[in-house]
Amino acid sequence: MYPIVERRELGKHVVLLRIRAPRIARKQKAGQFVIVRVHDHGERIPLTIAGSDADTITLVIQAIGKTTKLLCALSTGDTILDVVGPLGKPSEVHRYGTVVVIGGGVGTAIAYPTARAMKEAGNEVISIIGGRSRELVILEDEVRAVSNELIVTTDDGSHGRRGLVTNALQEMIDAGRKIDLVLAIGPIPMMKAVAETTRPHGIKTVVSLNPIMVDGTGMCGGCRVLVNGKSQFACVDGPEFDAHQVDFGVLVQRNAMYHHTEKEALRAFDHDPVPDLARAGHVCRLTEQYPEAGSR
Amino acid sequence: MPEQPAHERNQNFLEVNLGLGTEIAKQEALRCLECASPACVEGCPVGVQVKEFVSLILQNRYAEAAAKIREDNVLPAVTGRVCPQEDQCEGACVMGKKFSPLAIGYLERFVADYEQQTGTVNLPQNASPTGKRVAIVGSGPAGLSAAGDLVQKGHAVTVFEALHEIGGVLIYGIPEFRLPKDIVRREVDNLRKMGVEFQTNVVIGQTVTVDELFHEEGYHAVLVATGAGLPQFLNIPGEHLCGVYSANEFLTRVNLMKAYKFPEYDEPVYDCRGKNVAVVGGGNTAMDSIRSALRLGAANAFLVYRRSEAEMPARKEEIKHAKEEGVQFLTLTNPVAFNGDEKGWLKSARCRKMELGPADESGRRRPVPIAGSDYDLPLDMVIIAVGTSGNPLVQSTTPDLKTRPGSYIEADPATLKTSKRGVFAAGDIVTGGATVILAMGAGRKAAKAINEYLTTGVW
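Thresholds applied
- Residues numbered from 1 in each chain as written.
- Chains lettered and ligands numbered in written order.
- Predicted model: local features only at pLDDT ≥ 70, side-chain atom pairs only at ≥ 80, totals over all residues.
- Heavy atoms only, no water.
- Helix = DSSP H or I, 4+ residues; strand = E, 2+ residues; numbered from the N terminus.
- Rg over C-alpha atoms; globule rule 2.2 N^0.38 Å.
- Buried < 20%, exposed > 50% of the residue type's maximum accessible area, 1.4 Å probe, protein only.
- Contact = heavy atoms within 4.5 Å.
- Areas by Shrake-Rupley, 256 points an atom, 1.4 Å probe, with all protein chains shown as cover.
- Lys, Arg positive; Asp, Glu negative; His and termini not counted.
- Charge placed at Lys NZ, Arg CZ, Asp CG, Glu CD.
- Buried area = accessible area lost by both parts, 1.4 Å probe.
- Polar contact = N/O pair within 3.5 Å; in protein donor to acceptor, adjacent residues only side chain to side chain.
- Nonpolar A, V, L, I, M, F, W, Y, C, P; charged D, E, K, R; others polar.
- Axes fitted to C-alpha atoms, helices over the stretch in contact; angles between N-to-C directions.
- Parallel < 35°, antiparallel > 145°, perpendicular 65-115°, else oblique.
- Left-handed = near helix turned anticlockwise from the far one by under 90°.
- Salt bridge = Lys/Arg side-chain N within 4 Å of Asp/Glu carboxyl O.
- Expected span 1.5 Å × (residues − 1).
- Pairing = 2+ DSSP bridges.

Quick look at the overall build of chain B
- If you tally the helices and strands in chain B, you get 18 helices and 18 strands.
- A compact globule built from 459 residues would reach a C-alpha radius of gyration of about 23 Å, and chain B, at 23 Å, matches this within 12%.
- When its C-alpha atoms are laid out on the principal axes, chain B stretches across 65 × 55 × 50 Å.
- Each of the 459 residues in chain B was classed as buried or not, and the buried ones make up 59%.
- Considering only residue pairs separated by 6 or more positions, chain B has 69% of its internal contacts joining residues 24 or more positions apart.
- Of the accessible surface of chain B, which amounts to about 17600 Å², a share of 50% is contributed by carbon and sulfur atoms.
- Across chain B, the mean location of the 49 positive side-chain charges is 3 Å away from that of the 55 negative side-chain charges.

Right, here's the structure in full:
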């Protein structure tokens, strides 16, 4: 059992959970992930680690499907049944020179530890973080603190510059700034767009992939991605790959494989979240303080 | 052995074999010739004392019969179900030369089930504590069998498992209808009662390295029993299509994650209802996969195998069960590509007919393609069950551990010692994919060598 020691809302439908997992906390490096199973009927899902201290790891979760919604509904003091990791290879942190770290939406949470590690390794770090609108831009202060320069973009212009993260990147390239490495983490269309932006200029670009996984240890092969025409397992060969070699089309198709069942599970959870919350051992403060509310 | 009727069982995940009743078991036990030097014991990788346990059945002392098996085999209810007895104890039985051999596997299962059902489990006594600690990496058959032997010698034993449940392939791989998970859990509980400590969610090589087990966690010996868990694919075009699974993924979703009970359980699997499903391969894993797909509602279940039925590595009983349940065998057939639609979903397999040529290095006749024989087999889902290789996570963070191609670990055949002092390796991670009982035999062999090492300190 892995207790949640802190819960904080970072933005619209984005929650930060700090979880006690001492072995993982001591071992994890930027870029690695854990597999989480909330309760004994739950599915196993991968979540990239956003940070750690001596005893705890930080996960940043966007409520999209059933399990992420359930995780976001838990509170401090609740427990998660299974957390295993750290899995995958850490980010390759060296002294490259100038590194542009791009985080889109909740991907910013994952880009943040790598940005920090890059800075600590002596790189000039320029961070570009973005979201569709203001409430989807997260961890701005944290990222600023580990960057030499920070650019914030929103699609609707409600915060920072109006436009996409790739517009900001393109401007830097057009201005002739020397870029030695680009690291992009976020939605697949964003990572693909970054890859296409840097490809003509031969700028080394790394993306962190998020295929569907089960065990996370190389056992099932469900997370296989096509890289340079060859099958690679994101859980053990990745999750980070050379963006210019990744077949993003295959990744999009495979990630849609359970679209149907995901929708069904989400509908049931939205209709009545109580059984899942009960399985997760969640104690509802509402029913604790107002017992009559529980007997609806 | 009484069975669920084929047309009923292919609709459910309940056990196929129903077990022997007391009377039939005793009648069968009477057939034992009580040979002076029993060939069956020689044929058993862990040396179960067959003659002794069968004679206890004849004296109505069933629980003691189970305890007699347990002296050599810590998982009698498991091996009574999944061992290939025809190649081992029963294959060696002298009666088999003229008649059918003694049904040793069914008798083993009978006493093990009696013990579990009546709760009269006689667990062996442990020797007094030695103060030595052993870490076992992996909770499959090799790890569990070594744990049972080592704890009896008085060592403190911790078994580390990467998944959230103990049992390795017994839990994620072998389906409920062949090996109910409650049976595995009870056998694991027996080991727990004997003093074995289990830790789930620990990936040795990632969460903790082998060196850390020695230097930070204070273990005196480590046994690597991680199995051959890395799935092999065919490396043909179209393998990234949706609907193409490795047997490991399909079985893990169905068995470990209970996807056959979706939406009661959250993990999904491809909805096979009314669909055309095929498995590629001819081993027990292929049979387990395709019979699971049938139970999930597949309209057509094909087994595609490039050799002929005579060369299939699966147990005879599994082949028979699969056919009875309606699996269609397409032998001497090899897929050369998978075709999909514009959304990336599997639509068909391009298959090539084969014929048998001369024997290859494995002694089996080599399949040779027949020119111009290609055809498309319409399919919605395909499961690749053509073997596995070793999982490299332990080796990649233990640089002084010698390996062989395929990510297998090199170990001395007699002692199972690896190239690294204090580290032993047993089971599929040494030999490549084999059977539950061979892995258990290797676990016992390693336990004996570990005990010697811990007692004498001599490497």
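Comments concerning the interface of chain B and chain A
- Listed by partner, the interface residues are 47 residues for chain B and 43 residues for chain A.
- Buried surface at the junction of chain B and chain A, both sides included, amounts to about 3700 Å², of which 55% is carbon and sulfur.
- Across the contact surface, chain B and chain A share 21 residue pairs in polar contact (both at pLDDT 80 or more).
- When contributions to the side of chain B that touches chain A are tallied by element, the ones reaching two or more residues are β5 (230-231), β6 (244-246) and α13 (247-256) of chain B.
- Among the elements that make up the side of chain B that touches chain A, the one with the highest residue count is α13(B) (four residues).
- Class assignment for the residues of the side of chain B that touches chain A results in 23 nonpolar, 14 polar and 10 charged.

So, the packing of helix α14 (residues 284-295) of chain B against helix α15 (residues 316-325) of chain B
Residue and element names in this part refer to chain B.
- Packing of α14 against α15 leaves a shortest axis separation of 10 Å and a crossing angle of 25 degrees. In terms of axis orientation, α14 runs roughly parallel to α15. Considering how the two elements wind past one another, α14 and α15 form a crossing that is left-handed. Residues N284, M287, R291, L294 and R295 of α14 touch α15, and the partners they reach there are E318, I319, H321, A322 and E325.

Here we look at the pattern of salt bridges
Residue and element names in this part refer to chain B.
- Going through the model one piece at a time under the given rule, you end up with 54 salt bridges over all chains.
- With its nearest N and O atoms 2.6 Å apart, the salt bridge here joins R185 to E165. Of this pair, R185 sits in helix α11 (residues 181-193) while E165 is found in the loop between β2 (156-160) and α10 (169-172), placing the two residues 20 residues apart along the sequence.

Side note on helix α5 (residues 62-70) of chain B
Residues and elements named next belong to chain B.
- Counting buried residues in α5 gives seven out of nine residues, a clear majority hidden from the surface.
- Every buried residue of α5 is listed here: Y62, A63, A65, A66, A67, I69 and R70.
- On its buried face, α5 sits against α2 (22-30), α4 (50-58), α6 (76-82), α8 (104-118) and α11.

Here we look at helix α18 (residues 436-456) of chain B
- Counted at 1.5 Å a residue, the expected span for α18(B) with its 21 residues is 30 Å, and the 30 Å between its end C-alpha atoms agrees.
- G457(B) lies just past α18(B) and shows a positive phi near 75 degrees.

Focus: the pairing of strand β1 (residues 2-11) of chain A
Residues and elements named next belong to chain A.
- One ladder, built from two bridges, connects β1 with strand β6 (residues 79-80); its direction is antiparallel. Residue P3 lies in a different strand from β6, and its bridge partner there is T79.
- Note that β1 and strand β2 (residues 14-20) share six bridges and pair antiparallel. Bridging from a neighbouring strand, E6 pairs with R18 of β2.

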